[in-house]
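Residues per chain, in single letters:
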Amino acid sequence: MTSFAVSTRRKFLVGTGATALATTLGGLAMPAISRAAGRPVFTHGVQSGDVDTTSGMIWTRTDRPARIGFEVSTTESFADPLRLPSMDALPESDFTVKRLLDGLTPDQEFFYRMVAVDLDDVSASSEPITGRFRTAPSARRDIRFTWSGDTVGQGWGIDETGMKTYATMAGHQPDFFLHSGDTIYADGAIEKEVELKDGSKWVNKIVTEEKSKVAETLDEFRGQWKYNLMDEHVLALNAVCPTFFQWDDHEVINNWSASKDLTADDRYTVKSVPLLQARAARAFHEMTPIRYTPAEPGRVYRKIAYGPMLDVFFLDMRSYRGPNTPGMEETLADEVRILGVQQMQWLKRELASSRATWKVIASDMPIGLVVRDGDNIEAVANGDDGPAKGREMEIADLLRFIKNAGVENTVWLTADVHYTAAHYYNPDKAQFQDFNPFWEFVSGPLHAGTFGPNDLDQTFGPELKYVKAPSEEQGANLPPSAGFQFFGLVDIDAATEQMTVRLMDRDDNELYKMTLDPVRTA
């Protein structure tokens, strides 16, 4: 298969099909492949993610200990596939496997195929399962991606329609989908039925044991992910489109930080938030195709270079924050930060060295919307509309750096607040003014309750250009069937390098559109 840019030192066996793949796994001498009902099954489809110009992650899960064979091809027929060394799916990882495919050709569609052989009975093999993705370009071409957040929150599970927003996004054939966090709701149990305001009922067609309570054990956190992967629309998107994941709070528990106290929460027998976080983080990395960072196993923040026109910087506003407070501190001590010193140093360094036209900052929380945690502040903005205080000081330092370092064309994408909006940050209207203007676009939820809108804090001068959220009469926590489910659609034009951002709803209605011209530098 000559289109692979694979080092000649890497030697792989080449087979002619899935049967050949299964019968040679790991050098096992196996008899004719069994087609009995007891053979292995891939339980939750496939996923790909963190795709760049020459590599990408792939993922799957089996129902038992199994040896997984992998083939990769540039043709859907797998006429001349590249055979990769097998991997074992074992109980320690809940039978999940993921691997990096590297040495790939830029701007090429790749097809991958997996077959599982039962480690207890090597005569039993699975049906093959396949997926595909396209690598990022090394030269300018049109780019399209989607983003949103908030999946299966507030008791709204998989109903008869399913998670329709995923199907709507798939219809746009994006190069990738950016999931902005709250990828699961580990603290949100679901019931079989929910009474709606009009007297009708929302019926969760699928209810599992793990999803019927808050997650405390590792298996219960894993079960939250498995539930989402039972939806047909999620599975269909995963098979054809890479997902770039980040996390926020509901992967662990609502609004978690060092100040979270579960003493009075009767839903939890485990009262240690650090223990819940550790289990949640393991499940997050097991169940998603996020890359592994040897320097810090478990890291979520990272950059994905998606060709000459786009770098995506994924923030982690959860793992390194200090305790939630009222946000009125006037000195930027470590416990006041939301990103932490090391992540901020990394972000500044990577932004300054980026040569991509557009620098998308994927933030799991908005920076200008006031998100409260009781009497404390959960996000960045503290709601006083004054000079930067609390966590606002860390963001002010970043915005000042972006200006002084000459970093152009930054766009912030976020979710979290369960409605959609467009904000233009204008230093002329800000209390803190030492920054260049920029846009922040908010989308979500994908499949959860709808809330909002939140107040905008004027420290950084945000102007509300668009918002769609429930009215006061409609109330809060609207079900997905009410139609207030949102995602963002981004196009970057190869000829002009313009970025067009659209805010969309789950019925594919375009709600708002903004085309941004890149700032040209000498």
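From a predicted model like this one, the values you see are computed outputs, not experimental measurements. (Residues numbered from 1 in each chain as written. Predicted model: local features only at pLDDT ≥ 70, side-chain atom pairs only at ≥ 80, totals over all residues. Heavy atoms only, no water.)

Caption draft 1: Looking closely at the environment of Lys-260. Mapping Lys-260 onto the fold places it in the loop between strand S12 (243-245) and helix H5 (273-287). Owing to a relative accessible area of 26%, Lys-260 belongs among the partly exposed residues under this scheme. Between the alpha carbons of Lys-260 and Lys-271 there is a distance of 9.9 Å; along the sequence they are 11 residues apart. Among the polar contacts made by the side chain of Lys-260, one reaches the main-chain carbonyl oxygen of Asn-254 at a distance of 2.8 Å. (Helix = DSSP H or I, 4+ residues; strand = E, 2+ residues; numbered from the N terminus. Buried < 20%, exposed > 50% of the residue type's maximum accessible area, 1.4 Å probe, protein only. Polar contact = N/O pair within 3.5 Å; in protein donor to acceptor, adjacent residues only side chain to side chain.)

Caption draft 2: Here's a closer look at the pattern of salt bridges. This model, assessed by the stated rule, comprises 42 salt bridges. Its salt-bridge partner being Arg-140, residue Glu-497 comes within 3.4 Å of it at the nearest N-O pair. Taken together, the residues span a long stretch of sequence, with Glu-497 in the loop between strand S22 (486-492) and strand S23 (499-505) and Arg-140 in the loop between strand S7 (129-134) and strand S8 (143-148) at a distance of 357 residues. Since its relative accessible area comes to 9%, Glu-497 is described here as buried. A salt bridge links Arg-222 to Asp-219; the nearest nitrogen and oxygen atoms lie 2.9 Å apart. Placement of the pair is Arg-222 and Asp-219 together in helix H3 (residues 218-228), with a separation of three residues, close to one helical turn. Residue classification places Arg-222 among the buried residues on the basis of a relative accessible area of 5%. What makes Asp-219 partly exposed here is its relative accessible area of 46%. Linked through salt bridges whose partners overlap, the residues forming this network are Asp-107, Arg-134, Arg-141 and Asp-175. (Salt bridge = Lys/Arg side-chain N within 4 Å of Asp/Glu carboxyl O.)

Caption draft 3: Layout of the sheet that holds strand S3 (residues 66-73). Pairing in this open sheet of four strands is antiparallel, and the strands run S4-S3-S6-S7 from one edge to the other. Single-partner strands in this sheet number two, and they are strand S4 (82-89) and S7. Averaged over all neighbouring strand pairs, the angle between strand axes comes to 25 degrees, with direction disregarded. In this structure, strand S6 (residues 109-118) lies alongside S7, joined through six bridges in antiparallel fashion. Across the sheet, residue Met-114 finds its bridge partner in S7, namely Ile-129. (Pairing = 2+ DSSP bridges. Axes fitted to C-alpha atoms, helices over the stretch in contact; angles between N-to-C directions.)

Caption draft 4: Broad picture of unusual backbone geometry. Residue Pro-445 is bonded to the preceding Gly-444 through a cis peptide linkage, with omega at 5 degrees. Following the sequence through the fold, Pro-445 ends up in the loop between strand S20 (438-442) and strand S21 (462-468). Here the amide bond leading from Gly-452 into Pro-453 is cis, since omega sits at 0 degrees, within 30 degrees of zero. Structurally, Pro-453 can be placed in the loop between S20 and S21. Phi at Asn-409 is positive, roughly 65 degrees, even though this residue is not glycine. Position of Asn-409 among the secondary structure elements: in the loop between helix H7 (392-404) and strand S18 (410-414). Residue classification places Asn-409 among the buried residues on the basis of a relative accessible area of 12%. Of note, Asp-508 is a non-glycine position whose phi angle comes to about 70 degrees, a positive value. Here Asp-508 is to be found in the loop between S23 and strand S24 (510-516).

Caption draft 5: Main features of the environment of Asp-384. Summarising the element assignment, Asp-384 is placed in the loop between strand S17 (376-377) and H7. For Asp-384 and Asp-428, which are 44 residues apart along the polypeptide, the C-alpha to C-alpha distance reads 18 Å. Setting aside its immediate chain neighbours within four residues, Asp-384 contacts Met-328, Lys-389, Asp-457 and Thr-459. (Contact = heavy atoms within 4.5 Å.)

Caption draft 6: The arrangement of the side chain of Arg-391 in detail. Counting through the fold element by element, Arg-391 comes out in the loop between S17 and H7. At a separation of 3.4 Å, a polar atom in the side chain of Arg-391 contacts the main-chain carbonyl oxygen of Pro-323. From its side chain, Arg-391 meets the backbone oxygen of Glu-378 in a polar contact 3.2 Å long. When sequence neighbours within four positions are dropped, the list of residues in contact with Arg-391 reads Arg-321, Gly-322, Pro-323, Asn-324, Val-336, Arg-337, Ile-338, Ile-377, Glu-378, Ala-379 and Val-380.

Caption draft 7: Broad picture of the sheet that holds strand S2 (residues 56-62). Strand order across the open sheet formed by three strands is S1-S2-S5, with antiparallel pairing between neighbours. With one partner strand each, in any of the chains shown, strand S1 (42-49) and strand S5 (96-101) form the two edges of the open sheet. Neighbour-to-neighbour, the strand axes of this sheet turn through a mean angle of 15 degrees, independent of strand direction. Pairing of S1 with S2 involves five bridges; the strand directions are antiparallel. Looking across to S2, one finds that Gln-47 is bridged to Trp-59. Its contacts with the sheet put H5 on S1, S2 and S5, and the angle it makes with S5 is roughly 60 degrees.

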